[in-house]
Amino acid sequence: MPATFDWSNQVLDSIWWVVWVTAVSTAGFVLVAALLMRYTSWGRQFARLALPFFTPARTWRSWRPLLLVLLMLTLTVGAVRIDVLFTYQSNGLYTSLQELDPKGFARYIGIFAMIATVYIARALFAYYITNLFELQWRQALNESLLTDWLDGQAFYRGNYTADPVDNPDQRIQEDITSVIDSSHDLAIGAVNSVVSLVSFTLILWELSGPLTLFGTEIPRAMTFITYIYVLIATFFAFRIGRPLVRLNFLNERYNASYRYALVRTRDNAENIALYRGERAERGNLDHRFSAIIGNYWALVFRSLKFQGFNVSVSQISSVFAFIVQAPRFFSGAITLGALTQTAQAFNNVHDSLSFFRNSYDDFASFRATLDRLTGLLDVNAEARALPSATTEERAGDGLEIRNLTVSRPDGRTLIQDLNLQLGSGDALVVKGSSGSGKTSLLRSLAGFWPYATGSVHRPVDGRVLFLSQQPYLPFGTLRHALTYPEPPEFVSTERAQEVLRQVFLGHLVDSVDVEDTWWRILSPGEQQRIGFARILINRPSVAFLDESTSSIDEGLEFALYTLIREQLPECTLFSVGHRSTLNPLHSHHLELLPDGQWNLEVPVH
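Everything numeric here is computed off the predicted structure, so don't read it as measured data. (Residues numbered from 1 in each chain as written. Predicted model: local features only at pLDDT ≥ 70, side-chain atom pairs only at ≥ 80, totals over all residues. Heavy atoms only, no water.)

### Details of the environment of Ser388
Here comes step 1: Within the element layout of this structure, Ser388 appears in the loop between α12 (360–385) and β3 (390–394).
Here comes step 2: As for Ser388 and Tyr451, which are separated by 63 residues in sequence, their C-alpha atoms are 6.3 Å apart.
Here comes step 3: Once residues within four sequence positions are removed from consideration, Ser388 is found in contact with Arg157, Gly447, Trp449 and Ala452. (Helix = DSSP H or I, 4+ residues; strand = E, 2+ residues; numbered from the N terminus. Contact = heavy atoms within 4.5 Å.)

### As for the packing of aromatic side chains
Here comes step 1: Across all of its chains, the model carries 28 aromatic pairs by this definition.
Here comes step 2: Considering the side-chain rings of Phe53 and Phe54, the 5.0 Å spacing of their centres and the 75° angle between planes classify their relative orientation as edge-to-face.
Here comes step 3: Between Phe544 and Phe574 the ring centres are 5.3 Å apart and the planes differ by 45°, which places this aromatic pair in the tilted class. Pair noted here: Phe544 is in strand β9 (residues 542–546) and Phe574 is in strand β10 (residues 572–576), with a separation of 30 residues, a long-range link.
Here comes step 4: Residue classification places Phe544 among the buried positions, given a relative accessible area of 1%.
Here comes step 5: Through pairs of rings, three or more aromatic residues link up here, namely Trp42, Phe46, Phe53, Phe54, Phe133, Trp137, Phe363 and Phe366.
Here comes step 6: Arg107 extends its terminal NZ or CZ atom over the ring of Tyr108, reaching a point 5.5 Å from the ring centre. (Phe/Tyr/Trp six-rings, centres within 6.5 Å; stacked < 30°, edge-to-face > 60°. Buried < 20%, exposed > 50% of the residue type's maximum accessible area, 1.4 Å probe, protein only. Lys NZ or Arg CZ within 6 Å of the ring centre and 35° of its normal.)

### Quick word on helix α17 (residues 524–538)
Here comes step 1: Taking 1.5 Å per residue, 15 residues should reach 21 Å; α17 reaches 21 Å between its end C-alpha atoms and fits that length.
Here comes step 2: Within α17, 14 of the 15 residues are buried, which leaves it mostly tucked inside the rest of the structure. (Expected span 1.5 Å × (residues − 1).)

### What about the nonpolar core?
Side chains of nonpolar character tend, in soluble globular proteins, to be buried together.
Here comes step 1: Core analysis: the biggest nonpolar cluster contains 64 residues, and Phe133, Trp137 and Leu141 have the highest contact counts within it.
Here comes step 2: Once residues lying within four places of it in the same chain are set aside, the contact partners of Trp137 are Phe46, Ala50, Phe53, Phe54, Ile180 and Ser183.
Here comes step 3: In this structure, Leu467, Leu482, Ile537 and Ile564 belong to the second largest nonpolar core, which totals 38 residues. (Core = buried A, V, L, I, M, F, W, Y, C linked by side-chain atoms within 4.5 Å.)

### A short note on the side chain of Ser436
Here comes step 1: Considering the arrangement of structural elements, one finds Ser436 in the loop between β6 (427–432) and α13 (438–446).
Here comes step 2: Of note is the side chain of Ser436, whose polar atom sits 2.7 Å from the backbone oxygen of Ser433.
Here comes step 3: Those residues in contact with Ser436, other than ones at most four positions away along the chain, are Leu414 and Leu592. (Polar contact = N/O pair within 3.5 Å; in protein donor to acceptor, adjacent residues only side chain to side chain.)

### Here's the deal with unusual backbone geometry
Here comes step 1: The omega torsion of the bond from Tyr484 to Pro485 falls at 10°, within 30 degrees of zero and hence cis.
Here comes step 2: With respect to the helices and strands, the residue Pro485 is situated in the loop between α14 (478–483) and α15 (493–502).
Here comes step 3: With phi around 50°, Arg539 is a residue other than glycine that occupies positive phi space.
Here comes step 4: Here Arg539 shows up in the loop between α17 and β9.
Here comes step 5: Overall, Arg539 belongs to the partly exposed group, its relative accessible area being 44%.

### Overview of the environment of Gly596
Here comes step 1: Mapped onto the elements of the fold, Gly596 is located in the loop between β11 (588–592) and β12 (598–601).
Here comes step 2: The class of Gly596 is buried, set by a relative accessible area of 1%.
Here comes step 3: Separated by 412 residues in sequence, Gly596 and His184 have C-alpha atoms that sit 57 Å apart.
Here comes step 4: Sequence-distant contacts of Gly596, that is, excluding residues within four places in its chain, are made with Thr413, Leu414, Ile415 and Gln416.

### Focus on the pattern of salt bridges
Here comes step 1: A full pass over the atoms with the stated rule returns eleven salt bridges.
Here comes step 2: For Asp410, the salt bridge goes to Arg408, with nearest N and O atoms at 3.4 Å.
Here comes step 3: A salt bridge links Asp513 to Arg479; the nearest nitrogen and oxygen atoms lie 2.8 Å apart. One end of the pair, Asp513, is in the loop between α15 and α16 (518–521); the other, Arg479, is in helix α14, and 34 residues separate them in sequence.
Here comes step 4: With relative accessibility at 9%, the residue Arg479 sits in the buried group. (Salt bridge = Lys/Arg side-chain N within 4 Å of Asp/Glu carboxyl O.)

### Side note on the packing of helix α4 (residues 102–150) against helix α6 (residues 168–207)
Here comes step 1: Viewed as axis vectors pointing N to C, α4 and α6 meet at an angle of 145°, and their least axial separation amounts to 10 Å. Considering the relative orientation of α4 and α6, their crossing is right-handed. Every residue of α6 that contacts α4 at Thr130, Glu134, Trp137, Arg138, Leu141, Asn142, Leu145, Leu146 and Trp149 is listed here: Pro168, Ile172, Gln173, Ile176, Thr177, Val179, Ile180, Asp181, Ser183 and His184.
Here comes step 2: Here the contact of α4 with α6 is built from residues that sort into ten nonpolar, six polar and three charged. (Axes fitted to C-alpha atoms, helices over the stretch in contact; angles between N-to-C directions. Left-handed = near helix turned anticlockwise from the far one by under 90°. Nonpolar A, V, L, I, M, F, W, Y, C, P; charged D, E, K, R; others polar.)

### Some points on the side chain of Thr369
Here comes step 1: With respect to the helices and strands, the residue Thr369 is situated in helix α12.
Here comes step 2: Here Thr369 is in contact with Asp175, Ser178 and Val179, once residues within four sequence places are set aside.

### Points about the pairing of β10
Here comes step 1: Within β10, five of the five residues are buried, which leaves it mostly tucked inside the rest of the structure.
Here comes step 2: Residues Thr572, Phe574 and Val576 point to one face of β10 and Leu573 and Ser575 to the other, with burial holding for every one of them.
Here comes step 3: Where β6 meets β10, four bridges bridge the pair, whose relative direction is parallel. Bridge assignment links Val429 to a residue of β10, and that residue is Ser575. (Pairing = 2+ DSSP bridges.)

Right, dumping it as structure tokens:
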């Protein structure tokens with residue numbers, strides 16, 4: 001493009017320019033992305049997260065992400081074209097002022113108004129498209145990671161992997177948004193920089209004059225000086241900023257750890273208060289916070305070096321073009337408009353070349369986020385690969401356990417080759433000293449204890465319910481707590497109220513649809529009665545109860561077990577407990593003995 005040109009054809013010329021440059025940019029973008037995803041570790045990490053979203057299928061909706069990317073690239077190229085037109089408009093405007101040309105001045109003001117209108121419209125449309133794209137990607141990536149975390153009970157079994165991840169909740173909630181924002185900013189910024197670099201280098205080439213240095217004339221000196229200046233600055237910036245990758249990763253880890261400790265203190269406030277544990281909690285919280293502060297200062301000092309270098313380079317560049325071109329202006333070789341356009345072109349070339357230098361700290365955070373998200377995927381896969389007892393469904397009722405061996409994480413055997421069979425309506429209670437493996441046995445029967453072998457056969461309908469010593473009460477209404485894990489609409493209001501009365505929680509019948517923090521409001525005994533209400537509502541074929549009456553008096557315990565036997569006579573019960581009062585409530589007794597031994601007592605018919 002020449003230094004001056006005819007504005008009358010710029011609408012059509014600009015459209016064709018945007019189309020052509022977008023096509024070239026898209027091809028280059030795809031090529032570079034493919035090379036990065038193949039030959040760099042962080043590129044492979046990104047591909048692992050992004051390809052499921054961007055890979056099209058047979059439906060037209062599956063092409064939407066790629067079409068949105070193409071549209072964003074087009075808008076980015078359009079922005080560069082507008083910036084180019086602004087430099088020529090500025091050239092003409094300042095030249096008209098130098099030549100005292102009021103008509104020319106008015107003409108270029110009108111041109112400015114038209115370009116500015118297009119600029120505003122493009123900016124608003126780009127803002128909408130960017131947010132649409134990021135929201136759709138966030139929904140898809142959240143669904144993918146959440147599914148992967150919950151699949152195969154990885155959210156629990158991940159605790160038993162060689163290197164469990166810290167704060168998976170924070171990785172899913174915050175890091176997804178961070179990696180999407182960074183991906184967009186870095187990718188679009190890179191495209192904008194490359195297109196701007198080519199476009200404004202051509203302008204700078206046209207406006208550059210020769211420069212004599214140490215007796216040697218350098219043609220188009222401004223262009224060469226600009227590239228040398230920025231490339232040297234970029235090299236040193238990368239050297240200074242390299243440690244930021246690790247520091248940003250640690251910053252995320254330490255902040256998440258501190259936040260989790262605060263939440264845990266809040267959730268266990270009553271126990272801490274009873275123990276007068278404020279000093280101990282304060283020590284733990286201060287220790288975690290100190291790690292944040294120590295790492296943050298390291299981040300600050302490294303960023304001071306990095307940002308200080310970048311700011312210094314940028315400040316020098318703000319007058320660089322004027323210094324180099326001033327002799328040509330004073331000699332009359334170029335006009336004031338050409339001088340200002342040279343400065344604008346120089347600044348755009350400088351900013352384009354400096355993009356990677358200025359974005360290094362953002363790229364460092366991006367790398368750290370990729371490490372955290374792919375680390376979560378790795379641990380999820382490792383958790384699903386851990387061994388466990390085989391759980392199978394079979395025709396009929398009851399429960400059958402074959403050759404079940406349960407061990408501790410250190411390899412010590414808790415239960416050796418357990419075999420038993422419970423029919424419909426049978427009830428078994430498991431006894432044993434503390435540490436004998438009672439809870440580990442239940443976890444093995446549930447299929448998520450990674451130190452168990454053997455097989456467990458359940459009814460084919462799959463209606464199995466596990467009650468822990470402290471029943472889990474989810475967010476939501478009391479109806480949510482009663483029907484869990486089924487949806488709240490699983491039970492009618494009348495039935496929910498009836499069951500509450502049956503488990504001696506009649507004072508809650510008017511609160512079925514009240515949303516509150518029920519795990520805090522209800523006492524441990526009331527929460528255990530909610531567990532028995534769950535059995536009555538869900539009507540499982542097999543129910544496992546782990547110390548599910550430990551907070552209830554013996555009379556109420558007898559009443560609740562009797563209620564289950566009367567209401568669900570076909571349900572097979574598998575209880576774990578210490579009280580002798582449980583013995584007459586169960587037909588089978590299993591005692592766990594030391595060294596993996598066990599003793600089973602069955603009724604004689």
